Every structure is written in C-alpha cells, then in structure tokens.
Amino acid sequence: MSQVHYLGRSKKTKITSLDIAHRAGVSQATVSRVLRGSPLVNAETRRRVEDAVRELNYKVDRHASSLRTQRSGTLALLLFEDPTPDESHINPFFLSMVGSITRACAREGQDLLISFQQLSDDWHADYEDSMKADGLILLGYGDYLAYTGKLEKLVAQGTRFVRWGAVLHDQPGLSIGCDNFNGGRIAGEHLVGLGRRRIAFLGGASSHCPEFFDRFRGCDAALREVGGAMEAILQVDAESSEEDGFAAARELLARGGAFDAVFAASDLIAVGAMRALADAGLRVPEDIAVVGFDDLPMARFTSPPLTTVFQDTKRAGELLVETLLRQIGGEQTQSITLPASLVVRKSSGA
C-alpha cells in the first residue's frame, strides 16, 4: 500500500504554514494574518485559508510562534473587586462580559489569564515585560480620577491595554463603552412621556464616575426639553450595589423632596431602591416609576419587572478582545461607543 504524500512530504511530517499557503493559493504572510485574526484579510481569502487548515489538520506551534514574535499568546483580564453582599466581589454586570471575552479568546487562539485585583494594589505593574501577557483587558475602576493616573503609567511604559468604560476625549488609552448620555436621555424621555417630571437620580453625578454622570446628564437633557431639570435635592450618590441603592433611596426619602420617578444609575441600585420604597409604603409604579440601567438577568424577575437600559455585554466582550489583538498586532485602533436601548417592563408604569 502506498503512503499518501503532499508536496513531497510524508503525512507523518509536520505540516507548516507554507503548506497551508500552497493549498490555499496565497502567500505565507497571508496565512499568518489569517491565523492571528487580522481584519486586513478579505472574507473569501480567509475562507480558503481556514479550509486548508482544516483539510491538512494544521496545528499552530504556539511555542515557536511566541519565540518568533516575542509574544506569549496570552491576554490578561484584570477584574477589579466590587463591594458585594457575598464573597464573590464581582459586579454581576461583568459576568456575561467575562463569558464573552473568554469565548472570543478561544476563537482567536489566545489563552486568557484572569486576575482579580483590588484598586489599591499596584495592578498597573508591567505584565508584558514579565511575559505574563501580551496585553491587558481592564474591567471596573472605582473612582475614575484616581484610576486615570495608573492608566497614564500604562501608556508611558508602552503596555497594550483596552478597558470597558466611558469613552472620553482626553482619556489615556482605549475604551469600549456604552453611549451613557443617550442611555440616560432615552430613560428620561420615557419617564417624561409617562407624565413624570420630578425624577430622582441615584448614583454619582460627578467626574469621579463619568459613566453615571453621563446617564445623569442625559436624563437632565430630556427634562430640559420639556422645561424641567434634575434637582440637587433629588440626586443621591450610590455605588453599584443593592445595599447602596437601598441606603440612597432612604436618604432620598429623608430629604423630603417631592419626586414621582427614580432613575437608578444601575440595575443593582434600582433593586435596592425598590425595596426601600416598598418599606416606606410607596407602590411601584403607581406612586413612583423606577428605571434602571444595564438590563441584568435579574431585571426580569424583580417585582414588578424592571424597566431598564440595555448594554450589549456580549458585543462589548468581543470588541475588547478584537481591539486589543489589533493593538498588539500594530494595527490602527480606536475607542468604540456601543448604542444603548430601552427595555420597557412594568416598573415604569408603561
């Protein structure tokens, strides 16, 4: 029985990217671009290369590749701890995003190192020089003004990174973020359309928390279109947790200012606020309409179900990985703002 050969090689001989190039009818450089996920390759060429990879059962030699490129083939996800009632210290908003990041890394042939960080730590230590990872994905940040200094150090030392957060014109590095201003505006327009004019806001409204601040400003813009405005007495700071939402709503009630709606800067804040309103004998939505932000899975199961602003965490995770890999590959990259959309449920009285 004769042995199968391809291009003069025994099938026991290791297949190389050159063999893939011959089979697909492209250059070896094009094969390399396809294998590292470069967007510069058109769909038809990518298909031919991927078909050749499958037909020849080609396996990338990660060790040899890393020696040639001085890359580890690993991305690091730095997930900053959040205050939570349990021991997880993970904001539920980030859970689906982590899943999307993990799947995107698998598709791109990248290993993923997940590291939990405290904001007080020197998390900006250089992962690249230690060869732990080729670049960083950052989720969560606490006080943005304190966080910015560490981002500037990452930029100064040449670290490749991308973060989830507000897209700001003067920010260090790249961000993938939601259109928070428009998200706040559509929430405000929804409440205004239901006849609500005295809208309380639970969440930070300053440059220390730019995502929340943009949501506040968007809602204020919606009120100003009908001759109203957000009022200082109806704004209470809160971090993104049920406990903070509960405490903020109680503070709001204690101030004595009249309000007929609550726009919470996150779903977690909204959940805590709804509990405080119920404890005070106020009905949602009959007495107080409530709108959140994020569209966490729990939003469908609150009582009543929570009207909220949707952020596309699946697409966000994909873009975080794609943008970082392009940056690592020396390609042109930029920050990206994802659209927000309103999910109407019973808590707003619609």
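Residues numbered from 1 in each chain as written. Predicted model: local features only at pLDDT ≥ 70, side-chain atom pairs only at ≥ 80, totals over all residues. Heavy atoms only, no water.

Peer 1: Describe the overall build of the protein chain, with residues and values.
Peer 2: Scanning the protein chain from N- to C-terminus turns up 11 helices and 14 strands. A burial count over the protein chain gives 48% of its 350 residues as buried. Accessible surface computed for the protein chain: about 16600 Å², of which carbon and sulfur atoms make up 51%. (Helix = DSSP H or I, 4+ residues; strand = E, 2+ residues; numbered from the N terminus. Buried < 20%, exposed > 50% of the residue type's maximum accessible area, 1.4 Å probe, protein only. Areas by Shrake-Rupley, 256 points an atom, 1.4 Å probe, with all protein chains shown as cover.)

Peer 1: So what's going on with the pairing of strand E6 (residues 161-164)? Residues and values would help.
Peer 2: Here E6 shows a buried face lined by Phe 161 and Arg 163 and a second buried face lined by Val 162 and Trp 164. Where the polypeptide runs from strand E5 (residues 135-139) across helix H6 (residues 144-156) and back to E6, its parallel neighbour, the crossover connection is right-handed. As defined by bridge partners, E6 adjoins strand E7 (residues 174-178) across 3 bridges and the pair is classed as parallel. Bridging from a neighbouring strand, Arg 163 pairs with Ser 175 of E7. (Right-handed = clockwise from strand over helix to strand, strands pointing away. Pairing = 2+ DSSP bridges.)

Peer 1: So what about the packing of aromatic side chains? Which residues, and what values?
Peer 2: Inspection of every chain in the model, using the stated rule, returns 6 aromatic pairs. Among the aromatic residues, those joined into a cluster by ring pairs are Phe 201, Phe 213, Phe 216, Phe 263 and Phe 293. If you follow Arg 215 out to its NZ or CZ, it ends over the ring of Phe 293, 3.8 Å from the centre. Between the NZ or CZ atom of Arg 217 and the centre of the ring of Phe 213, over which it lies, the distance is 6.0 Å. (Phe/Tyr/Trp six-rings, centres within 6.5 Å; stacked < 30°, edge-to-face > 60°. Lys NZ or Arg CZ within 6 Å of the ring centre and 35° of its normal.)

Peer 1: Hey, could you go over the packing of helix H7 (residues 180-193) against helix H8 (residues 210-224) for me, with residue numbers and the actual values?
Peer 2: Helix packing geometry: the angle between the two helix axes and the distance between the axes. Contact geometry for H7 and H8: axes closest at 6 Å, N-to-C directions at 40°. Between H7 and H8, the interaxial angle falls into the category oblique. Considering how the two elements wind past one another, H7 and H8 form a crossing that is right-handed. Contacts between H7 and H8 involve Asn 180, Phe 181, Gly 184, Arg 185, Gly 188, Glu 189 and Val 192 from the first element and Glu 211, Asp 214, Arg 215, Arg 217, Gly 218, Cys 219, Ala 221, Ala 222 and Leu 223 from the second. For the contact of H7 with H8, the residue count by class is 6 nonpolar, 4 polar and 6 charged. (Axes fitted to C-alpha atoms, helices over the stretch in contact; angles between N-to-C directions. Parallel < 35°, antiparallel > 145°, perpendicular 65-115°, else oblique. Left-handed = near helix turned anticlockwise from the far one by under 90°. Contact = heavy atoms within 4.5 Å. Nonpolar A, V, L, I, M, F, W, Y, C, P; charged D, E, K, R; others polar.)

Peer 1: How would you sum up the nonpolar core? Please name residues and give values.
Peer 2: The biggest cluster of nonpolar side chains holds 68 residues, and the ones touching the most others in it are Met 97, Ile 101, Leu 139, Trp 164, Leu 202, Val 290 and Leu 320. Shared between two domains, this core holds at least three residues of each, these being domain 2 (74-177 + 313-338) and domain 3 (180-311 + 342-348). Among residues more than four places away in sequence, those in contact with Ile 101 are Leu 77, Leu 112, Ile 137, Leu 139, Gly 317, Leu 320 and Val 321. Residues Ile 20, Val 31, Val 41 and Leu 56 belong to the second largest nonpolar core, which totals 13 residues. (Core = buried A, V, L, I, M, F, W, Y, C linked by side-chain atoms within 4.5 Å. Domains from an automatic or database assignment.)

Peer 1: Please give an account of the packing of helix H5 (residues 93-107) against helix H11 (residues 313-328) that cites residues and values.
Peer 2: Look at H5 against H11: their axes get within 7 Å of each other, and the N-to-C directions meet at 45°. By the angle between their axes, H5 is oblique relative to H11. Classified by chirality, the crossing of H11 by H5 is right-handed. Between H5, through Phe 93, Ser 96, Met 97, Ser 100, Ile 101, Ala 104, Cys 105 and Arg 107, and H11, the contact on the second element is made entirely by Thr 313, Lys 314, Ala 316, Gly 317, Glu 318, Leu 320 and Val 321. Looking at the contact of H5 with H11 residue by residue, the class counts come to 8 nonpolar, 4 polar and 3 charged.

Peer 1: Quick rundown of the sheet that holds strand E10 (residues 261-264)? Include the residues and the values.
Peer 2: In space, the 6 strands of this open sheet follow the order E9-E8-E10-E11-E12-E14, with mixed pairing throughout. Both edges of this open sheet fall to strand E9 (235-236) and strand E14 (341-343), since each of them pairs with a single strand only. Where strand E8 (residues 199-202) lies against E9, 2 bridges are found, and the strand directions are parallel. Bridge pairing links Leu 202 to Val 236 in E9. Here H7 sits on the sheet and contacts E8, E10, strand E11 (289-294), strand E12 (307-310) and E14; the angle it forms with E11, its principal contact strand, is near 160°.

Peer 1: Kindly report on the pattern of salt bridges, identifying the contributing residues and their values.
Peer 2: Scanning the model with the defined rule gives 16 salt bridges in all. One salt bridge in this structure joins Asp 279 and Arg 275, with 3.3 Å as the shortest N-O distance. Of this pair, Asp 279 and Arg 275 both sit in helix H10 (residues 267-279), 4 residues apart, which is roughly one turn of the helix. Taken individually, Asp 279 and Arg 275 each receive the classification exposed, so the pair is uniform in this respect. (Salt bridge = Lys/Arg side-chain N within 4 Å of Asp/Glu carboxyl O.)

Peer 1: Give me the lowdown on unusual backbone geometry, citing residues and values where you can.
Peer 2: That bond from Val 284 to Pro 285 is cis: its omega, 10°, falls within 30 degrees of zero. The amide bond that connects Ser 303 to the next residue, Pro 304, takes the cis arrangement and shows omega of -5°. Considering the arrangement of structural elements, one finds Pro 304 in the loop between E11 and E12. You will see that Asn 57, though not glycine, has its phi angle at about 55°, which is positive. On the secondary structure map, Asn 57 appears in the loop between helix H3 (43-55) and helix H4 (62-69). In this structure, Asp 294 takes a positive phi of about 135° despite not being glycine. Within the element layout of this structure, Asp 294 appears in strand E11.

Structural measurements only, silent on function.
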